[in-house]
Amino acid sequence: RCRPMTPPRTDPLLALRDALREFADARDWDQFHSPKNLAAALAVEAAELLEHYQWSETASDPAKVREELADVLLYLIRLADKLDVDLTAAARDKIVLNAKKYPVEKARGSARKYTDL
């Protein structure tokens, strides 16, 4: 008797998380993916993204920027997986918190930190 197929995940972050788990597992890299190592790798990738904007407001190679953005996202997803953090829920919670810290009537058009509004 055949088992029914599992429907594909509809949440793109969960699908990426699962793909990253499989990718790391196939290469036996999980042993290297401690939260500290992943956080360091994330910081390095973010710096590589910033490097494309050094001395310029626009990137000279949009394809390379795209790759760096993907690296940042993938390391972030992997780190969240290791820490058992639901990124979607965390991001939604942070938007709510930021809305309280930066009310429209005080923050609109301002780049000041919430403590200075």
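Our structure is the block above this text.
Residues numbered from 1 in each chain as written. Predicted model: local features only at pLDDT ≥ 70, side-chain atom pairs only at ≥ 80, totals over all residues. Heavy atoms only, no water.

S.K.: Describe the overall build of the chain, listing the residues and the values that go with them.
M.R.: Along the chain, the regular secondary structure elements total five helices and zero strands. In the chain, the order of α-helices and β-strands from amino to carboxyl end is α-α-α-α-α. Since a compact globule built from 117 residues should have a radius of gyration of about 13 Å, the 19 Å found for the chain marks it as more spread out than a globular shape. For the chain, the spread of C-alpha atoms along the three principal axes comes to 65 × 35 × 25 Å. Classification of the 117 residues of the chain by burial places 18% in the buried group. Put simply, 53% of the contacts in the chain that link residues at least 6 apart link residues at least 24 apart. (Helix = DSSP H or I, 4+ residues; strand = E, 2+ residues; numbered from the N terminus. Rg over C-alpha atoms; globule rule 2.2 N^0.38 Å. Buried < 20%, exposed > 50% of the residue type's maximum accessible area, 1.4 Å probe, protein only. Contact = heavy atoms within 4.5 Å.)

S.K.: Pulling in residues and values, what's your account of the side chain of Glu68?
M.R.: In this structure, Glu68 sits in helix α3 (residues 62-82). The buried charged residue Glu68 lacks any salt bridge partner; its closest oppositely charged side chain belongs to Lys64, at an N-O distance of 7.0 Å. Residues within four places of Glu68 in sequence aside, it is in contact with Glu45, Glu48, Leu49 and His52. (Lys, Arg positive; Asp, Glu negative; His and termini not counted. Salt bridge = Lys/Arg side-chain N within 4 Å of Asp/Glu carboxyl O.)

S.K.: So what's going on with helix α1 (residues 12-26)? Residues and values would help.
M.R.: Here α1 spans 21 Å end to end across 15 residues, near enough to the 21 Å set by a 1.5 Å rise per residue. Taken together, the buried positions of α1 are occupied by Arg17, Asp18, Leu20 and Ala24. An end-on view of α1 places all buried positions within 160° of arc, on one side of the element. Exposed positions of α1 whose direction lies more than 90 degrees from the buried face are Pro12, Glu22 and Ala26. Close packing links the buried residues of α1 with α3. Sitting at the head of α1, Asp11 places a side-chain oxygen 2.9 Å from the backbone nitrogen of Leu13. (Expected span 1.5 Å × (residues − 1). Arc of directions from axis to C-beta. Polar contact = N/O pair within 3.5 Å; in protein donor to acceptor, adjacent residues only side chain to side chain.)

S.K.: Tell me what's going on with the pattern of salt bridges, and back it up with residues and numbers.
M.R.: Opposite charge on two side chains permits them to pair, given that their charged atoms come into close proximity. Tallied over the full model, the rule gives six salt bridges. For the salt bridge of Arg17 with Asp18, the shortest nitrogen-to-oxygen distance reads 2.8 Å. Grouping residues by exposure puts Arg17 and Asp18 together as buried. Between Lys82 and Asp30 there is a salt bridge; the shortest N-O distance is 2.5 Å. With a gap of 52 residues between them, Lys82 in helix α3 and Asp30 in the loop between α1 and α2 (35-51) connect regions that are remote in the sequence. Through salt bridges with shared partners, a single network forms among Arg17, Asp18, Arg21, Asp30, Arg78, Asp81 and Lys82.

S.K.: Please set out the packing of α1 against α3 residue by residue, giving values where relevant.
M.R.: For the pair α1 and α3, interaxial distance at closest approach is 9 Å and the crossing angle is 85°. In terms of orientation, α1 lies roughly perpendicular with respect to α3. Here Leu13, Leu16, Arg17, Leu20, Arg21 and Ala24 of α1 come into contact with α3, specifically with Leu73, Leu74, Ile77, Arg78 and Asp81. Here the contact of α1 with α3 is built from residues that sort into seven nonpolar, no polar and four charged. (Axes fitted to C-alpha atoms, helices over the stretch in contact; angles between N-to-C directions. Parallel < 35°, antiparallel > 145°, perpendicular 65-115°, else oblique. Nonpolar A, V, L, I, M, F, W, Y, C, P; charged D, E, K, R; others polar.)

In short, geometric facts, not functional conclusions.
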